[in-house]
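# Analysis of the macromolecular model
Here's the letter readout for the chains.
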Amino acid sequence: MPLYRYKALDAHGEMLDGQMEAASDAEVIARLQEQGHLPVEARLANGDTAAPSLRTLLRKKPFDTAALVQFTQQLATLIGAGQPLDRALSILMDLPEDEKSRRIIGDIRDAVRGGAPLSSALERQHGLFSRLYINMVRAGEAGGSLHDTLQRLADYLERSRELKGKVVNALIYPAILLAVVGCALLFLLGYVVPQFAQMYESLDVALPWFTQAVLSVGLFVRDWWIVLLVIPAVAAIWLDRKRRDPAFRAALDAWLLRQRLVGPLIAKLETARLSRTLGTLLRNGVPLLAALGIARNVLSNLALVEDMGNAADDVKNGHGLASSLARGKRIPRLALQMIQVGEESGALDIMLLKTADTFEQETALAIDRMLAALVPLITLVLASVVGLVIVSVLVPLYDLTNAIG
């Protein structure tokens, strides 16, 4: 059975830190409760062997997505076990390894002890907690269901992190492949090909046109390699600055949505994120108009953000959410139909969460299909280019050898 590491409070309030073999983390929690302890955390022991050195090297900022998920889950566990909020925050102060995180939790605890609600204490942390997080906590406080709210919030953050991780991981291999083969091609053109150019020039032989073209490219790369590095860097800096212009970025995002290859994937990804956010907010008791205003902030595509703003105005005027979103013509039809069913059945929050599940699965499937076609295509194209260069410089040498023989 796997080995789990746990943290728990005993009957005297002392923190226990140990290990236990169990089939799952739920079994670890159940055993600790049977022993009269209050579970705070249970995770695989082999999952954190390299974590301290990695944190030290990368110097993670406090309360990144992983830390925020952990903080939310632990706070929900402690509150669900009947601990007062300030006591729960005091316990959580001892868990982070870095001083800055402990100081942040301490500031939140001090604000709560001073009479401020948790949402206000989180809001004072200079943007560390998103509007979505703060508004959900505020709604949970108003409805008297802070424990359930934190559990839903932790689930939402974990799913969002998984979805983002799938997209990033899917792009790592093609990016590495392009970089490695691109560098190899530049070395081949900038160093190897000019050697053949000098040799053929000294032999004074007639060369085929394609060999002359490759040799000319090689000499250009050798003499102007710095330009080939500067131009992409300048273009990247220019594009980064242009993307800060809202008008340019909105036009670029709208153009991306119209592309046949990446457009549907972006639409599915953003629809999953939007549906998950809206469904979580509505289920937590946040009004629809307020939820639409918050959900706009989780979208990265400005064209869809504009559609959300227009949809919010239509909903304010009495229109349904599905029909309001349909006017932008960018949300997938399946999502609109599922949202409409949710409105008609009075279970909009449930249907939005089901929509999120559906489109998260479709996004993962679309990424897998894209990689299944993209990686072999990139490999084939780059291998063909490298092969063409090699053949172009070796054919005259082969002909010359046959002529001499």
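Residues numbered from 1 in each chain as written. Predicted model: local features only at pLDDT ≥ 70, side-chain atom pairs only at ≥ 80, totals over all residues. Heavy atoms only, no water.

### A short note on the pattern of salt bridges
- The full count for this structure, using the stated rule, is 13 salt bridges.
- In this structure, R161 engages E158 in a salt bridge whose closest nitrogen and oxygen atoms are separated by 3.1 Å. Of the two residues, R161 and E158 both sit in helix α8 (residues 146-203), 3 residues apart, roughly one turn of that helix.
- Looking at R161, the relative accessible area reads 33%, which means it is partly exposed.
- Among the salt bridges present, the one from E362 reaches K268, with a minimum N-O distance of 3.6 Å. One end of the pair, E362, is in helix α17 (residues 348-404); the other, K268, is in helix α12 (residues 263-283), with 94 residues separating them in the sequence.
- Judged by relative accessible area, E362 falls into the partly exposed class, the value being 25%.
- Several salt bridges converge on common partners, so that one network encompasses R276, D357 and E360. (Salt bridge = Lys/Arg side-chain N within 4 Å of Asp/Glu carboxyl O. Helix = DSSP H or I, 4+ residues; strand = E, 2+ residues; numbered from the N terminus. Buried < 20%, exposed > 50% of the residue type's maximum accessible area, 1.4 Å probe, protein only.)

### What to know about the nonpolar core
- Counting 68 residues, the largest nonpolar core has L75, I108 and Y133 as its most contacted members.
- Setting aside residues up to four positions removed in sequence, I108 forms contacts with L89, L118, A121, L122, Q125 and F129.
- Ranked by size, the runner-up nonpolar core spans 12 residues in total, among them L189, A197, Y200 and V221. (Core = buried A, V, L, I, M, F, W, Y, C linked by side-chain atoms within 4.5 Å. Contact = heavy atoms within 4.5 Å.)

### Brief notes about the environment of L256
- Tracing the sequence through the fold places L256 in helix α11 (residues 246-258).
- In this structure L256 comes out as partly exposed when scored by relative accessible area, which is 23%.
- With 47 residues separating them along the chain, L256 and A303 place their C-alpha atoms 9.7 Å apart.
- If we ignore the near neighbours within four places in the chain, the residues touching L256 are V262, G263 and I266.

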